[in-house]
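Notes for the structure review
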Amino acid sequence: MFSHIMFNKKMASKVGICLFRNDLRIHDNEALFVANQKSEALLPLYCFDPCHYEGTYHYKFPKTGGHRLKFLLESIVDLREKLKSIGSNLIVRKGKPEDVIPEIIKTFSSEADVSIFLHKEVTDEETKVEKAIESKLPVAAVWGHTLYHIEDLPFQPKHLPDVYTQFRKRVESDVPVRKLILIPDKLKPLPCSIDPGEIPGFADFNLPRPESDPRTAFPFSGGESAALERLNSYLWETNNVTTYKDTRNGMIGPEFSTKFSPWLAHGCISAKKIYWEIKRYEKERTANQSTYWVIFELLWRDYFYYIGLKYGNKLFFAGGIKGDNVKWKTNEQHFKAWQEGKTGVPYVDANMRELAATGFMSNRGRQNVASFLTKDLQLDWRLGAEWFESLLIDHDVCSNYGNWLYGAGIGNDPRENRKFNVVKQGLDYDEEGNYVRLWVPELAGIKTGRVHCIWTASKVQLETGNVVLGQTYPHPIVLAPEWSKHVNRPGSSSSAPKGSKDYQSPRGRGASATSSRTQHTQYAGQKRGLDFYFSNTKPQ
């Protein structure tokens, strides 16, 4: 499938440039291994591509926010130290790889016989970089981001099942996981006395350094060293992996789930490394549903990656991979309330504030805020996906957009019109309201699970808790009829609370006259951004 740039086993060069992107590690790094094996001199390179620090495609949020930049910079620092420990170094430049690499080559004594080695990506912006480099130099691309290798799949990627369970059953029964790539203790020398370059800081990106928050569920650093420490801790030091299936829907603290996702997204740890370490744990200590469930989640990550490969830019269309004609609403006030965690729905608000403060949100939280945006507010799912892209420290294009399509009902969910009842979910997973009170301190005085439906609290409860709805905490901007089943006042959500002028009753979506493919194409070269999206439209 990628034969035009895949590695030719006879290929060898005097200088091999290993371009690091979303593979910021030494272990199990096939691009690094092949570059070192097939070259007389090795130049590891990372480019801070300015495209990654512009605006998101439609709504122009900062593509890389402060929390992810912090994690990335920590990962780059760690990668450089790792490379130094095995006789090499990380060359760092600011610029597009397709421009930086030719400039580096000019510093060599001879411009001949230079090859580029990298890991293959599947989404549009990343593959354009590969093609731009390939137009100038020989490129050897290897497959290394997934647990299951593309060449080992029991079907062609274009025949990938559209239901996760079918994919999982096929690969689990038919496909072995490849062994780890072992990197030598000593790498080939750098090609010349090249300036390694300084690792930039926040000022170079016009971003303030984010403050640490003691409430965070992710108090870890970026980098391969921290990733391997976390893997060792979660398995061997604490045995937390044996209870993962029972605790994974927790909300507070670092230990309720693996927290591997930020390191996986940046390639600081490989999925295969986690897989084989769990297999060793199962052999030496114990195997149960929880140890398997970590692998189950790695398979979801694989699945979304292959969905990205199969469907390409449909991953970003308004109608998703289904091509549905969805008429999304354009209520700017509702979006800002969601974005800022001021919807008046405490469980939603707590999750959105945690994201803004730390760059992290639990999987349970992500499902609920996505459902609320797309099903309760009926706003364009891409608003949410791009906001997540900006803030999440574990942003992965395929996983983020794939999950948002899934949540919006235009992706790979076999159940039609799945909708999360955010009040029920809050009571199920934060029964006493501790999570809400942690992140929504203005509700700290409401001491029970009543905090999840604060608009139904009695006057005495509100006064005791020092809460004045509409002043210290907003009225809910929308009330869904199904919420009333889970509060102590039946029917309390049948009408908007006093002062809630923005209340909307959920209604079915109408059909759009423009197909998602056409709609996506029409954006090219046109104005984009929040102001453009919400201009000349009335809240519906």
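All values derive from a computational prediction rather than experimental measurement.

Conventions used here
Residues numbered from 1 in each chain as written. Predicted model: local features only at pLDDT ≥ 70, side-chain atom pairs only at ≥ 80, totals over all residues. Heavy atoms only, no water. Helix = DSSP H or I, 4+ residues; strand = E, 2+ residues; numbered from the N terminus. Buried < 20%, exposed > 50% of the residue type's maximum accessible area, 1.4 Å probe, protein only. Contact = heavy atoms within 4.5 Å. Areas by Shrake-Rupley, 256 points an atom, 1.4 Å probe, with all protein chains shown as cover. Phe/Tyr/Trp six-rings, centres within 6.5 Å; stacked < 30°, edge-to-face > 60°. Expected span 1.5 Å × (residues − 1). Salt bridge = Lys/Arg side-chain N within 4 Å of Asp/Glu carboxyl O. 1 Å grid on protein atoms, 1.4 Å probe; cavity = no way out; pocket = protein on both sides within 12 Å on 5 of 7 lines; lining within 4 Å. Points joined across faces, edges and corners; volume = space filled by probe spheres on them. Nonpolar A, V, L, I, M, F, W, Y, C, P; charged D, E, K, R; others polar. Core = buried A, V, L, I, M, F, W, Y, C linked by side-chain atoms within 4.5 Å.

**Structural notes on the overall build of the protein**
- Helix and strand counts for the protein come out as 20 helices and 5 strands.
- The buried share of the protein, reckoned over its 540 residues, is 57%.
- Taking all contacts inside the protein whose residues are at least 6 apart in sequence as the whole, residues at least 24 apart take part in 78%.
- Carbon and sulfur atoms make up 49% of the accessible area of the protein, which amounts to about 23,000 Å² in all.

**A few points about the environment of Leu383**
- Along the chain, Leu383 turns up in helix H14 (residues 381-391).
- On the accessibility criterion, Leu383 (0% relative accessible area) is buried.
- With 324 residues separating them in the primary sequence, Leu383 and Tyr59 have C-alpha atoms 6.9 Å apart.

**A few points about unusual backbone geometry**
- For Asp28, which is not a glycine, the phi torsion comes out positive at approximately 50°.
- Here Asp28 is to be found in the loop between strand S1 (13-20) and helix H1 (30-37).
- Even without glycine at this site, Lys60 takes up a positive phi of about 60°.
- On the secondary structure map, Lys60 appears in the loop between strand S2 (39-48) and helix H2 (66-85).
- The partly exposed category is assigned to Lys60, whose relative accessible area is 41%.

**Points about the packing of aromatic side chains**
- Scanning all chains against the criterion turns up 39 aromatic pairs.
- Between Phe167 and Tyr306, the ring centres sit 6.4 Å apart and the planes meet at 50°, which makes this aromatic pair tilted. One end of the pair, Phe167, is in helix H5 (residues 164-174); the other, Tyr306, is in helix H10 (residues 289-311), and 139 residues separate them in sequence.
- Relative accessible area serves as the criterion here: at 1%, Tyr306 is assigned to the buried category.

**Points about helix H12 (residues 346-358)**
- Its 13 residues give H12 an end-to-end C-alpha distance of 18 Å, which sits within 8% of 18 Å, the value for a rise of 1.5 Å per residue.
- With 11 of 13 residues buried, H12 is to be regarded as a mostly interior element.
- Within H12, burial applies to Pro346, Tyr347, Val348, Asp349, Ala350, Asn351, Met352, Arg353, Glu354, Leu355 and Thr358.
- Summarising the contacts, the buried residues of H12 are in contact with H2, helix H11 (332-340), helix H13 (363-376), H14, helix H16 (422-429) and helix H17 (434-439).
- Phi for Gly359, located one or two positions after H12, is positive at around 80°.

**Topic: the pattern of salt bridges**
- Counting across every chain of the model gives 28 salt bridges.
- For the salt bridge of Arg178 with Glu151, the shortest nitrogen-to-oxygen distance reads 3.5 Å. With Arg178 in the loop between H5 and helix H6 (224-237) and Glu151 in the loop between strand S5 (139-142) and H5, this residue pair connects regions lying 27 residues apart in the sequence.
- Looking at Glu151, the relative accessible area reads 56%, which means it is exposed.
- Glu284 serves as the salt-bridge partner of Arg280, at 3.5 Å between the closest nitrogen and oxygen. On the criterion of helical spacing, the pair formed by Arg280 and Glu284 is a turn pair, its members being 4 residues apart in helix H9 (residues 271-284).
- Its relative accessible area of 51% is what places Glu284 among the exposed residues.
- Overlapping salt bridges bring together Arg21, Lys120 and Glu130 as one network.

**Observations concerning empty space enclosed by the protein**
- The final tally for this structure, using the stated rule, is 2 cavities of 30 Å³ or more.
- Computed from the structure, the largest cavity encloses a volume of approximately 70 Å³.
- Surrounding the largest cavity, 13 residues form its lining, Arg25, Gly144, His145, Ser270 and Arg301 being those nearest its centre.
- For the lining of the largest cavity, the residue count by class is 3 nonpolar, 6 polar and 4 charged.
- Looking at the second largest cavity, the residues that line it are Ser371, Lys375, Tyr406, Gly407, Asp413, Arg418 and Phe420.
- For the lining of the second largest cavity, the secondary-structure elements that each account for two or more residues are H13 and helix H15 (397-408).
- A class-by-class count of the residues in the lining of the second largest cavity yields 2 nonpolar, 2 polar and 3 charged.

**Re the nonpolar core**
- Trp338, Ile454 and Trp483 are the most contacted members of the largest nonpolar core, which totals 140 residues.
- For this core, the element with the highest residue contribution is H10, accounting for 14 residues.
- Discounting chain neighbours no more than four positions away, the residues touching Ile454 are Gly344, Pro346, Leu443, Ile446, Leu462, Val467, Leu469 and Tyr473.
- Counting residues in each nonpolar core, the second largest holds 21 residues, with Val15, Cys47, Phe108 and Ala141 among its members.

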